[in-house]
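# Inside the fold
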Amino acid sequence: MIAWRAIAAATLLVTGPALLAGEIPPDARRSGYAFMGPDTRAMQDDDTANPGMLFVLDGEQLWKKKTGSADRGCADCHDDARTSMKGVAARYPAFDKALGRPVTLDQRINLCRANHQQATPLPDESRDLLALSAFVAHQSRGIPITAGDDPQLKPFVDQGRDLFMQREGQLNLACTNCHDDNFDKRLAGAPITQGQPTGYPLYRLEWQTLGSLERRLRSCMTGVRAQAYDYGSPELVALELYLMSRARGLPMETPAVRP
Amino acid sequence: CSASANELVPYTIVGDGIPASLTGSPSDATRGRALVLARTTTCILCHSGPFPETRFQGDLAPDLAGAGNRWSASQLRLRLVDASRFNPDTIMPSYYRNDGLVRVGRNFAGKPILSAAEIEDIVAFLATLRD
Ligand code: HEC
Ligand code: HEC
Ligand code: HEC
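Residues numbered from 1 in each chain as written. Chains lettered and ligands numbered in written order. Predicted model: local features only at pLDDT ≥ 70, side-chain atom pairs only at ≥ 80, totals over all residues. Heavy atoms only, no water.

An unreviewed UniProt entry lists chain A under the name SoxAX cytochrome complex subunit A, with Bradyrhizobium yuanmingense given as the organism. According to UniProt, the comment filed for chain A under the heading Sequence similarities (unreviewed entry) is "Belongs to the SoxA family." Here is the UniProt Subunit (unreviewed entry) comment for chain A, exactly as written: "Heterodimer of SoxA and SoxX." (UniProt positions renumbered as here; feature names shortened; annotations may be inferred.)

Quick look at the structure:
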């Protein structure tokens, strides 16, 4: 009986939430990597050519560096990131009990700075935050995404899905119009992908730098001439969470490279 | 005067079109072609057409070649003003509309995507697309 229940519970976990019409079934999910040309793929695949790896190396230094009035480094509490941070990014955004809501990996890093290092928060998109976040997420490279499985997150995943389906901006387009209904097509000649968030923070050739998932989402919103949500806003976190749950099972690629 | 810049000129839908020009003044197909190709007008994000000079064309929507055979000027005008009249689920934006939209960016709020004169120039150009 107990064994049977465990199997039933496991089955529930792997099937995940029911799909709405138009949503991409698990076996059809493809990372942005699958849409890229051979040169960009080669750049991502070769750590010596991947510009994102410079940020990962910076992050490794910051991991060890003592900072804040607590004069502690991340390593003083978390020790070797290769074991302590393995798989962590694959389940972020994660529910924070104290706050009662999901937090992104970047927010978690800044919470550790505030609560455990007594240091000031690192600004959004700052080099140090991207470097730390790239270093932590790199420890999950190859690990399948499971974010959103925690049942406490359900209302937030649902909120993110609603935002994904909502038409907005002067062009009146929803994320789903491009990333569910029209991937594999071309927008002004550029391939549209499924918008899977597998590689963040990632190096975009167009940006000439590493950028967060929130930066990407804000530029899609600006593209449809909508007022982009602020960094760290509940809406962006919910969208990020929905995107991660929508990518369930795809392996993490951080630091990915995209055109 | 600037206060009325965002106000839409009234138009009358007859059948599946808007037979009367939005401006009442002559339109310019050459300017219309340039507008269709301009990135900010957004048409070729989705459409392709007989535009050999650019490879930045989309394929989310039908090729515009021959649009002037398939549609009258009246139909083209309504299509641009409000494509959702033809297909309520269309992804093609309504180019002459300034309300009922969600979270429009600060710089665009209250304004239609195109002006009445721009719509007329584009209609004039599309009407010339005959194969
Ligand atoms: C003084 C101890 C301490 C320091 C220093 C510290 N952390 Fe943490 N960290 C924690 C604790 C404790 C938790 C569990 C959540 C909590 O209670 O804040 C945690 C949680 C985390 C998590 C989430 C792990 C999970 O499984 O969800 C990440 C990622 C993380 N820390 C990264 C960092 C980084 C990066 C730094 C340096 C910028 C850092 N931490 C500095 C104590 C620390
Ligand atoms: C008009 C089409 C369009 C709309 C609407 C749109 N996007 Fe995008 N999006 C793109 C294009 C084009 C790219 C760059 C190429 C790619 O990765 O698909 C992109 C990239 C992305 C990526 C990066 C994928 C990767 O591999 O790194 C994510 C994630 C994403 N979009 C999510 C969203 C979300 C969330 C929304 C709604 C808030 C949205 N998009 C709205 C066209 C769109
Ligand atoms: C976001 C995508 C998108 C944009 C931008 C867009 N369209 Fe469309 N358009 C479509 C789609 C999709 C259709 C197919 C019918 C439908 O869904 O309404 C269409 C249909 C048309 C048609 C009828 C096609 C035919 O011959 O059957 C014309 C003409 C047209 N569009 C012109 C334009 C012009 C001119 C612009 C720019 C001012 C424009 N469209 C911008 C998506 C778009």
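## Looking at the interface of chain B and chain A
Taken together, the 27 residues of chain B in the interface contact 22 residues of chain A. Roughly 2100 Å² of surface becomes buried between chain B and chain A when both sides are summed, with 55% attributable to carbon and sulfur atoms. Between the two partners, chain B and chain A, sit zero salt bridges. Along the contact surface separating chain B from chain A lie 12 residue pairs in polar contact (both at pLDDT 80 or more). Partitioned by chemical class, the residues of the side of chain B that touches chain A number 13 nonpolar, six polar and eight charged. (Contact = heavy atoms within 4.5 Å. Buried area = accessible area lost by both parts, 1.4 Å probe. Salt bridge = Lys/Arg side-chain N within 4 Å of Asp/Glu carboxyl O. Polar contact = N/O pair within 3.5 Å; in protein donor to acceptor, adjacent residues only side chain to side chain. Nonpolar A, V, L, I, M, F, W, Y, C, P; charged D, E, K, R; others polar.)

## Looking at helix α8 (residues 154-165) of chain A
All names here are of chain A. For α8, with 12 residues, the first-to-last C-alpha span of 17 Å sits near the 16 Å given by 1.5 Å per residue. Those residues of α8 not exposed but buried are Val 157, Gly 160, Arg 161, Leu 163 and Phe 164. Each buried residue of α8 lies within a common arc of 160° when the element is viewed along its axis, so the set occupies one face. Opposite the buried face of α8, by more than 90 degrees, sit the exposed residues Pro 155 and Asp 162. On its buried face, α8 sits against α9 (175-179) and α11 (234-246). (Helix = DSSP H or I, 4+ residues; strand = E, 2+ residues; numbered from the N terminus. Expected span 1.5 Å × (residues − 1). Buried < 20%, exposed > 50% of the residue type's maximum accessible area, 1.4 Å probe, protein only. Arc of directions from axis to C-beta.)

## Looking at the UniProt feature "domain: Cytochrome c" (unreviewed entry) in chain A
The residues that UniProt annotates with the feature "domain: Cytochrome c" (unreviewed entry) are residues 155-247 of chain A. Annotated as 43% helix and 11% strand, the span residues 155-247 of chain A places its first and last C-alpha atoms 18 Å apart.

## Quick look at the coordination of the iron atom of ligand 3
All names here are of chain B. Around the iron atom of ligand 3, the protein supplies His 47 (NE2) and Met 92 (SD) as donor atoms, at distances of 2.0 to 2.2 Å. Coordination geometry of the iron atom of ligand 3: the six donor atoms subtend angles of 88 to 178° at the metal centre, consistent with an arrangement described as octahedral. Taken together, the residues span a long stretch of sequence, with His 47 in the loop between α2 (43-46) and α3 (67-70) and Met 92 in the loop between α4 (73-81) and α5 (116-127) at a distance of 45 residues. For His 47, a relative accessible area of 13% corresponds to the buried category. (Donors = N, O, S within 2.8 Å, 3.2 Å for Na, K, Ca; no water. Tetrahedral: all angles 85-135°; square planar, octahedral: opposite > 155°, others 65-115°.)

## Some words on the packing of helix α10 (residues 213-223) of chain A against α11 of chain A
Packed helix pairs are specified by the crossing angle of their axes together with the interaxial distance, meaning the distance between the axes. Residues and elements named next belong to chain A. α11 packs onto α10 with a crossing angle of 105° between their chain directions and a minimal axis gap of 10 Å. What the angle tells us is that α10 and α11 run roughly perpendicular. Taken together, the residues of α11 that come into contact with α10 (itself represented by Leu 213, Glu 214, Leu 217 and Arg 218) are Leu 236, Leu 239, Glu 240 and Leu 243. The class makeup of the residues in the contact of α10 with α11 is five nonpolar, no polar and three charged. (Axes fitted to C-alpha atoms, helices over the stretch in contact; angles between N-to-C directions. Parallel < 35°, antiparallel > 145°, perpendicular 65-115°, else oblique.)

## Thoughts on the site of ligand 1
Residue and element names in this part refer to chain A. Every one of the 17 residues lining ligand 1 counts as a neighbour, but Cys 74, Cys 77, His 78, Arg 91 and Cys 112 are closest to it. Between Arg 91 and ligand 1, the recorded distance is 2.7 Å, taken from a side-chain N or O atom to an oxygen atom. Take His 116: an N or O atom from its side chain is 2.8 Å from an oxygen atom of ligand 1. Secondary-structure elements contributing two or more residues to the shell around ligand 1 are α4 (74-78) and α6 (105-116). Ranked by the residues each element gives to the shell around ligand 1, the list is headed by α6, at five residues. Grouping the amino acids of the shell around ligand 1 by side-chain chemistry returns 10 nonpolar, four polar and three charged. (Near = heavy atom within 4 Å.)

## Section: the packing of aromatic side chains
Residues and elements named next belong to chain A. Following the criterion strictly, the structure yields seven aromatic pairs over all chains and no others. Between Phe 35 and Phe 183 the ring centres are 6.5 Å apart and the planes differ by 85°, which places this aromatic pair in the edge-to-face class. Here Phe 35, found in the loop between α1 (2-15) and α2 (38-45), pairs with Phe 183, found in the loop between α9 and β3 (186-187); they are 148 residues apart in sequence, far enough to count as distant. Against the face of Phe 55 rests Arg 127, its NZ or CZ located 4.1 Å from the ring centre. (Phe/Tyr/Trp six-rings, centres within 6.5 Å; stacked < 30°, edge-to-face > 60°. Lys NZ or Arg CZ within 6 Å of the ring centre and 35° of its normal.)

## Here's the deal with the pattern of salt bridges
Under the definition given, this model contains 16 salt bridges over all chains. Note that Asp 184 of chain A is salt-bridged to Arg 30 of chain A, the shortest N-O span being 2.8 Å. One end of the pair, Asp 184 of chain A, is in the loop between α9 and β3; the other, Arg 30 of chain A, is in the loop between α1 and α2, and 154 residues separate them in sequence. Classification of Asp 184 of chain A by relative accessible area gives partly exposed; the value is 49%. Arg 30 of chain A sits in the partly exposed class, given a relative accessible area of 28%. Between Arg 85 of chain B and Asp 82 of chain B there is a salt bridge whose closest N-O contact spans 3.7 Å. The class of Arg 85 of chain B is exposed, set by a relative accessible area of 53%.

## With respect to the environment of Val 157 of chain A
Residue and element names in this part refer to chain A. Mapped onto the secondary structure, Val 157 falls in helix α8. Among the residues examined, Val 157 registers a relative accessible area of 8% and is labelled buried. What Val 157 contacts, discounting residues up to four positions off in sequence, is Gly 148, Leu 241, Tyr 242 and Ser 245.

## Quick word on the coordination of the iron atom of ligand 1
All names here are of chain A. Surrounding the iron atom of ligand 1 are the protein donor atoms His 78 (NE2) and Cys 112 (SG), at 2.0 to 2.3 Å. Each of the six donor atoms around the iron atom of ligand 1 contributes to a set of angles spanning 86 to 179°, which defines the coordination as octahedral. Taken together, the positions of His 78 in helix α4 and Cys 112 in helix α6 put the pair 34 residues apart, joining distant regions of the chain.

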